[in-house]
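An overview of the molecular structure
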Amino acid sequence: YSNYGVTTVDIAAPGTNIISTIPTSIESSGYKIVGGTSMAAPYVAGAAALILSVKPGMPGMHLKHLLTKYASQKGELTGKVANGAFLNASAAVNGALSDTVKITFNANGGTCEPYGYYVNGQTYWAFPTPTRPGYKCVGWYTAPSGGTQYTGSTVVSGARTLYAHWEIGTYTISFKTKGGDGSPA
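The present account deals with the structure reproduced in this document. (Residues numbered from 1 in each chain as written. Predicted model: local features only at pLDDT ≥ 70, side-chain atom pairs only at ≥ 80, totals over all residues. Heavy atoms only, no water.)

Observations concerning helix α1 (residues 37-54)
Stated formally: Here a helix means four or more residues in a row that DSSP labels H or I, a strand means two or more in a row labelled E, and each is numbered from the N terminus. Working rule for helices: expected span equals 1.5 Å times residues minus one. Buried, partly exposed and exposed residues are distinguished by accessible area as a fraction of the type maximum, computed with a 1.4 Å probe on protein chains only: under 20%, between the cut-offs, and over 50%, respectively. Any two residues whose heavy atoms approach within 4.5 Å are treated as being in contact.
Given a rise of 1.5 Å per residue, 18 residues ought to cover 26 Å, and the 26 Å separating the end C-alpha atoms of α1 matches this to within 8%. Where α1 is concerned, the buried positions are Met-39, Ala-40, Ala-47, Ala-48 and Ile-51. Summarising the contacts, the buried residues of α1 are in contact with β1 (18-21), β2 (31-34), α2 (60-69) and α3 (89-99).

Written out as structure tokens, the structure reads:
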């Protein structure tokens, strides 16, 4: 593991003796045993992709939470990475299956991603950004009109539908006249 640091690295992943592809001009078989961060990072990305394959639309901070929560503790990593643990993709995917809930997003006249998966007990962190021509989204609420506003710091507590609330956009139109008084002809 070439990268380490309690405040800079969240999790350790396999990074030594990895069989990787390489140009045949360098190695006739097209494979070589290599190591380093360049080999470890794809393991973490692959584990994140596995989670997203069963729980699409999950925000990045929730992916990170699952990857670090379900990592396997290893004593020799204490003091070297933030949680002293090693990637456990299987446990992280199983955690995604058991710890997450589906949040449905109703754009309420606009458009956005229709749903996402969030980890129960964690804050939302992020929401999809809805769009609606001529309007500005003012937040996500528990009812189509009225209701309680949910923000990134709201704690996820079960599956639900959230509704976008809108305000009409305002526009300023100004005219520049050439020698006239600005009145329509």
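Read on, since the account is not over.
What about unusual backbone geometry?
For Asn-17, which is not a glycine, the phi torsion comes out positive at approximately 55°. Take Asn-17: it is sitting in the segment before β1. If you check the backbone angles, Asn-108 has positive phi at about 55° while not being a glycine. You can see Asn-108 is positioned in the loop between β5 (100-106) and β6 (115-119). In this structure Asn-108 comes out as partly exposed when scored by relative accessible area, which is 26%.

Remarks on the packing of α2 against α3
Quick reminder of the rule: Helix axes are fitted to C-alpha atoms over the stretch in contact, other axes to C-alpha atoms as well, and angles between N-to-C directions run from 0 to 180 degrees. Between 65 and 115 degrees an angle is taken as roughly perpendicular, under 35 as roughly parallel, over 145 as roughly antiparallel, and anywhere else as oblique. Left-handed describes a crossing whose near helix is turned anticlockwise from the far helix by less than a right angle; the clockwise case is right-handed. Residues are grouped as follows: Ala, Val, Leu, Ile, Met, Phe, Trp, Tyr, Cys and Pro are nonpolar; Asp, Glu, Lys and Arg are charged; all remaining types, including Gly, are polar.
Relative to each other, α2 and α3 sit at 120°, their axes nearing to 8 Å. For the element pair α2 / α3, the angle class is oblique. Of the two elements, α2 crosses α3, and the hand of that crossing is right-handed. The residues of α3 that touch α2, namely those facing Leu-66, Leu-67 and Lys-69, are Ala-92, Gly-95, Ala-96 and Asp-99. Of the residues contributing to the contact of α2 with α3, the split by class is four nonpolar, one polar and two charged.

As for the nonpolar core
The line we're drawing: Joining through side-chain atoms within 4.5 Å is the link that ties buried Ala, Val, Leu, Ile, Met, Phe, Trp, Tyr and Cys residues into a set, and such a set is a nonpolar core.
In this structure, Ile-51, Met-58, Leu-63, Leu-66, Leu-67 and Leu-87 are the most contacted members of the largest nonpolar core, which totals 18 residues. In terms of residue count, α1 provides more of this core than any other element does, four residues in total. Those residues in contact with Leu-67, other than ones at most four positions away along the chain, are Ile-11, Val-44, Ala-47, Ala-48, Ile-51, Leu-87 and Ala-92. Judged by nonpolar contacts, the second largest core, of eleven residues, contains Tyr-118, Tyr-124, Trp-140 and Val-156.

Some thoughts on α3
Listing the buried residues of α3 in full gives Ala-91, Ala-92, Val-93, Gly-95, Ala-96 and Asp-99. Check the buried side of α3 and you find it contacts α1, α2, β5 and β6.

Quick word on the packing of α1 against α2
Viewed as axis vectors pointing N to C, α1 and α2 meet at an angle of 110°, and their least axial separation amounts to 10 Å. As judged from the angle between their axes, α1 and α2 are roughly perpendicular. As α1 runs across α2, the sense of the crossing is right-handed. Judged by residue contacts, Val-44, Ala-47, Ala-48, Ile-51 and Leu-52 of α1 engage Leu-63, Leu-66 and Leu-67 from α2. Residue composition of the contact of α1 with α2, grouped by class: eight nonpolar, no polar and no charged.

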